[in-house]
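Reading the structure
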Amino acid sequence: MRTLIVHAHPEPQSLNGTLTGIAVTTLREAGHEVQVSDLYAMRWKATVDADDFGGTSGPLRVATDSGRAYDTGTLTADIAAEQEKLLWADTVIFQFPLWWYSMPAILKGWVDRVFTYHFAYGVGEHSDTRYGDRYGEGTLAGKRAMLSVTIGGRESHYTDRGINGPIDDLLFPIQHGIFYYPGMDVLPPFLTYGADRLSPEDFTDTAKAWEQRLLSIEQTDPIAFRTQNGGDYEMPSLRLREGLEAKGRTGFGLHIRA
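The model shown is predicted, which means the values in this text are computed figures rather than measured ones.

Below, the discussion takes up the layout of surface pockets. What the largest pocket holds in volume is close to 280 Å³. When the residues that make up the lining of the largest pocket are grouped by side-chain class, the tally is 10 nonpolar, 4 polar and 4 charged. In this structure, the second largest pocket encloses a volume near 160 Å³. H9, S14, L15, N16, P97, L98, W99, T150, I151, G152, A195 and D196 together form the lining of the second largest pocket. Class assignment for the residues of the lining of the second largest pocket results in 6 nonpolar, 5 polar and 1 charged.

The following block contains the structure:
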């Protein structure tokens, strides 16, 4: 297995840094190949601009200009290198702390710049009966992806009646909208709650659980997101057909099969 870990935390000795280190050691000792994109160490540029695409001849149009640059091989070297890592990998892991209900800005900037038009989106047939290759299909189809997220709050805060909202809902834009959109199968996330208050005993348990998750990636069933072009959605409205929802499922949960 070839794994790309995209790591987003500014402190190498943080819990996130330690979990990334455990992942690298565990996977390599099991015979897998691993690459790490440590965004803070790389001093990753997090903002999209015309320089990413070799300049423009008029007003910047991010989708159009990124697609042109991808097609002509004129993306900046840092973007092209990350796209090559994604194509190389069988498995992609995002390691990050949950900050303000989302990923750190530097990681979102990695997605904004690396997931260009004609690479991560804007591929396949677009018509009244098929709206491109996405949500289960696309450039990254056949790969696996997983989040490893450290969370400051208690687990109860992120449940169905928790004050912060269900964690599955908070992570839906990343898991469904970033991983699944270009075709990757999305594995259930590895979540570490109370990250700033872990006792030595808690950390030992967390490290062991993380090792076990890593060693079972190839056998783990992905989240059963509905494919866009599999017949569950009306075309071209892309609304879920009536009667397909699982009992009790609403909101984001409608897009997961029973």
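Looking now at the nonpolar core. If you look at the biggest cluster of nonpolar residues, it comprises 40 residues, and the most contacted ones within it are L86, F94, F96, L107, W110 and F115. Among the elements of the structure, β1 (2-7), β3 (91-97), α4 (105-114), β4 (144-150) and α5 (167-180) are those that each provide at least two residues to this core. If we skip the residues at most four places from it in the chain, F115 touches L86, W110, A120, Y121, L140, I178 and P182. In this structure, M1, L27, M146 and L187 belong to the second largest nonpolar core, which totals 18 residues.

Attention now moves to the pairing of strand β2 (residues 33-38). Two strands pair when backbone bridges link them, and β1 and β2 are joined in this way by 6 bridges, in the parallel orientation. What sits directly across from H7, in β2, is D38.

Think of a pair of aromatic rings as described by two things: how far the centres are apart, and how the planes are tilted against each other in angle. Counting across every chain of the model gives 12 aromatic pairs. Here the aromatic rings of F190 and W210 are separated by 4.8 Å at their centres, their planes lie at 35°, and the arrangement is tilted. With F190 in strand β6 (residues 190-192) and W210 in helix α6 (residues 200-215), this residue pair connects regions lying 20 residues apart in the sequence. As far as burial versus exposure is concerned, F190 and W210 are alike and both buried. An aromatic cluster of three or more residues is present, and its members are Y135, F172, Y180, Y181, F225 and F252. Note that R113 overlies the ring of W44, its terminal NZ or CZ placed 4.7 Å from the centroid.

This part takes up unusual backbone geometry. With the exception of glycine, most residues fall at negative phi, and the peptide bonds are largely trans. Here the bond from M235 into P236 is cis, since omega is 5°, no more than 30 degrees from zero. Looking at where P236 falls in the secondary structure, it is placed in the segment after α6. Although it is not a glycine, R43 sits at a positive phi angle of roughly 55°. Its location among the elements puts R43 in the loop between β2 and α2 (62-72). On the accessibility criterion, R43 (75% relative accessible area) is exposed. Residues other than glycine seldom take positive phi values, yet W100 does so here, at roughly 50°. Considering the arrangement of structural elements, one finds W100 in the loop between β3 and α4. The class of W100 is exposed, set by a relative accessible area of 80%.

Here we come to the side chain of D232. Within the secondary structure, D232 sits in the segment after α6. Of the polar contacts made by the side chain of D232, one reaches the side chain of R226; its length is 2.9 Å.

Scanning all chains against the criterion turns up 11 salt bridges. A salt bridge links D78 to R113, with the shortest nitrogen-to-oxygen separation between them at 3.0 Å. Note that D78 is positioned in helix α3 (residues 77-88) and R113 in helix α4, a separation of 35 residues in sequence. Note that D133 is salt-bridged to R130, the shortest N-O span being 2.9 Å. For D133, a relative accessible area of 24% corresponds to the partly exposed category. Residue R130 is classed as partly exposed on the basis of its relative accessible area, which comes to 23%.

Next up on the list: the pairing of β4. With 7 of 7 residues buried, β4 is to be regarded as a mostly interior element. Burial along β4 is two-sided: the residues R144, M146, S148 and T150 and A145, L147 and V149 are all buried. Alignment of β3 against β4, held across 7 bridges, turns out to be parallel. Residue pairing in the sheet places P97 in a bridge with T150 of β4. By the bridge criterion, 2 bridges tie β4 to strand β5 (residues 185-186) in an arrangement that is parallel. What sits directly across from A145, in β5, is V186. Pairing of β4 with β6, which is carried by 3 bridges, proceeds in the parallel orientation. Of the residues in β6, the one forming a bridge with S148 is F190.

Rules of the game
Residues numbered from 1 in each chain as written. Predicted model: local features only at pLDDT ≥ 70, side-chain atom pairs only at ≥ 80, totals over all residues. Heavy atoms only, no water. 1 Å grid on protein atoms, 1.4 Å probe; cavity = no way out; pocket = protein on both sides within 12 Å on 5 of 7 lines; lining within 4 Å. Points joined across faces, edges and corners; volume = space filled by probe spheres on them. Nonpolar A, V, L, I, M, F, W, Y, C, P; charged D, E, K, R; others polar. Core = buried A, V, L, I, M, F, W, Y, C linked by side-chain atoms within 4.5 Å. Buried < 20%, exposed > 50% of the residue type's maximum accessible area, 1.4 Å probe, protein only. Helix = DSSP H or I, 4+ residues; strand = E, 2+ residues; numbered from the N terminus. Contact = heavy atoms within 4.5 Å. Pairing = 2+ DSSP bridges. Phe/Tyr/Trp six-rings, centres within 6.5 Å; stacked < 30°, edge-to-face > 60°. Lys NZ or Arg CZ within 6 Å of the ring centre and 35° of its normal. Polar contact = N/O pair within 3.5 Å; in protein donor to acceptor, adjacent residues only side chain to side chain. Salt bridge = Lys/Arg side-chain N within 4 Å of Asp/Glu carboxyl O.

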